[in-house]
Amino acid sequence: MAETRRPAEESRSMLIEAAVEIIRTEGYAALSARRLAEKVGLKRQIVHYYFRTIDELLLATVRHYGDRGLAALSETMRDDPLRAIWEVQADASATTFAFMAMATHRPAVKKEVLRYMDKFRRLQTTAITDYYASRGVRTSVPPVAMAIILQSVSQALSAEASLGCTRGHAETRALVGKLLDALAAGASPGALVNE
């Protein structure tokens, strides 16, 4: 059976999407030209045509995933950046953790992951700064710290839930929900301490 010809950009995108899926579900160590070719139904040589090395593929994957994530986050943060950061999708957390693990072993990838982490943090910080100002929120919690707190707790709950650990999750979600409601109303997060 002859392979169907696809436009070059479509084939390249398909390979990158498949690489993201392998990294998320099997870990970056499972990613090889052979495994990727099997997943998309192409010959291994096609993978090498688009990506000479695995590092080149990994960099393209980080850029693709990072650009797509930045665009999605920009869109969802327009109305309520705090909830957008808090309500990160479970598969996004899993992929982020997989990319961070990959970055610890591959210097070129680490540099690119750090670049995207900085872009995400700057976007979050700017959006939260504007959000505080628009609601008259007065708090000693800097916007950048709020971004880190919300993202870290959300990702930790997601990671724990994926393993089946949910003790304390409902209480934590309720507490963060109250915090976000207070901030949306322009109240200080400290108001929760006195309830």
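Residues numbered from 1 in each chain as written. Predicted model: local features only at pLDDT ≥ 70, side-chain atom pairs only at ≥ 80, totals over all residues. Heavy atoms only, no water.

Concerning the overall build of the chain
Scanning the chain from terminus to terminus reveals nine helices and zero strands. Oriented by its inertia axes, the alpha-carbon framework of the chain measures out at about 70 × 35 × 30 Å. Per-residue burial over the chain gives 35% buried out of 195 residues. A sequence separation of at least 24 residues applies to 68% of the contacts in the chain between residues at least 6 apart. Summed over all atoms, the accessible surface of the chain reaches about 11400 Å², with 56% contributed by carbon and sulfur. One way to put it: in the chain the 26 positive side-chain charges average out to a point 5 Å from where the 22 negative ones average out. (Helix = DSSP H or I, 4+ residues; strand = E, 2+ residues; numbered from the N terminus. Buried < 20%, exposed > 50% of the residue type's maximum accessible area, 1.4 Å probe, protein only. Contact = heavy atoms within 4.5 Å. Areas by Shrake-Rupley, 256 points an atom, 1.4 Å probe, with all protein chains shown as cover. Lys, Arg positive; Asp, Glu negative; His and termini not counted. Charge placed at Lys NZ, Arg CZ, Asp CG, Glu CD.)

Topic: the packing of helix α8 (residues 143-163) against helix α9 (residues 169-184)
Where α8 contacts α9, the axes come no closer than 12 Å and their chain directions differ by 155°. The orientation of α8 with respect to α9, classified from their angle, is roughly antiparallel. In the packing of α8 onto α9, the handedness of the crossing is left-handed. Residues M146, L150, V153, L157, E160 and A161 of α8 lie in contact with α9, whose contacting residues are H169, T172, R173, V176, L179, L180 and L183. Split by residue class, the contact of α8 with α9 holds nine nonpolar, two polar and two charged. (Axes fitted to C-alpha atoms, helices over the stretch in contact; angles between N-to-C directions. Parallel < 35°, antiparallel > 145°, perpendicular 65-115°, else oblique. Left-handed = near helix turned anticlockwise from the far one by under 90°. Nonpolar A, V, L, I, M, F, W, Y, C, P; charged D, E, K, R; others polar.)

Points about helix α4 (residues 54-76)
Here α4 spans 32 Å end to end across 23 residues, near enough to the 33 Å set by a 1.5 Å rise per residue. For α4, the set of buried residues is L57, L58, L59, A60, T61, V62, Y65, G66, L70 and L73. (Expected span 1.5 Å × (residues − 1).)

Observations regarding α9
For α9, with 16 residues, the first-to-last C-alpha span of 22 Å sits near the 22 Å given by 1.5 Å per residue. Of all the positions in α9, only H169, V176, G177, L179, L180, A182 and L183 are classed as buried. Residues of α9 that are buried sit in contact with α5 (81-86), α7 (107-135) and α8. Looking one or two residues past α9, G186 carries a phi angle of roughly 90°, positive in sign.

Here's the deal with the pattern of salt bridges
For the structure shown, the criterion picks out 11 salt bridges. In this structure, R63 engages E112 in a salt bridge whose closest nitrogen and oxygen atoms are separated by 2.9 Å. Placement of R63 in helix α4 and of E112 in helix α7 is noted, with a sequence separation of 49 residues between them. The class for E112 is buried, based on a relative accessible area of 8%. One connected set of salt bridges, linked through shared partners, spans R63, E112 and R115. (Salt bridge = Lys/Arg side-chain N within 4 Å of Asp/Glu carboxyl O.)

Section: the nonpolar core
In this structure, L15, L31, L36 and V109 are the most contacted members of the largest nonpolar core, which totals 30 residues. Sorting the residues of this core by element identifies α1 (8-26), α2 (33-40), α3 (44-50), α4, α6 (90-103) and α7 as the ones contributing at least two each. Among the nonpolar cores identified, the runner-up in size contains 19 residues, and M77, A84, A127 and L179 belong to it. (Core = buried A, V, L, I, M, F, W, Y, C linked by side-chain atoms within 4.5 Å.)

Some points on a nonpolar patch on the surface
The grouping of F97, M100, L114 and M117 at the surface amounts to a nonpolar patch, some 340 Å² of accessible area in total. Elements with a minimum of two residues in the nonpolar patch: α6 and α7. (Patch = residues over 30% accessible without salt bridge, like charges linked within 9 Å, V, L, I, M, F, W, Y side chains within 5 Å.)

So, the packing of α1 against α2
Relative orientation and spacing of two packed helices are given, respectively, by the angle between their axes and the distance between those axes. Two elements in contact, α1 and α2, have axes separated by 10 Å at closest approach and are oriented at 110°. Taken together, the axes of α1 and α2 are roughly perpendicular relative to one another. Viewed along their axes, α1 and α2 form a crossing whose handedness is right-handed. Between α1 and α2, the contacting residues are M14, L15, A18, A19, E21, I22 and E26 on the first element and R35, L36, K39 and V40 on the second. Residue classes in the contact of α1 with α2 are distributed as seven nonpolar, no polar and four charged.

Let's talk about the environment of A170
Its place among the elements puts A170 in helix α9. In this structure, the C-alpha to C-alpha distance between A170 and S152, residues 18 residues apart in sequence, is 16 Å.

By themselves these figures say nothing about function.
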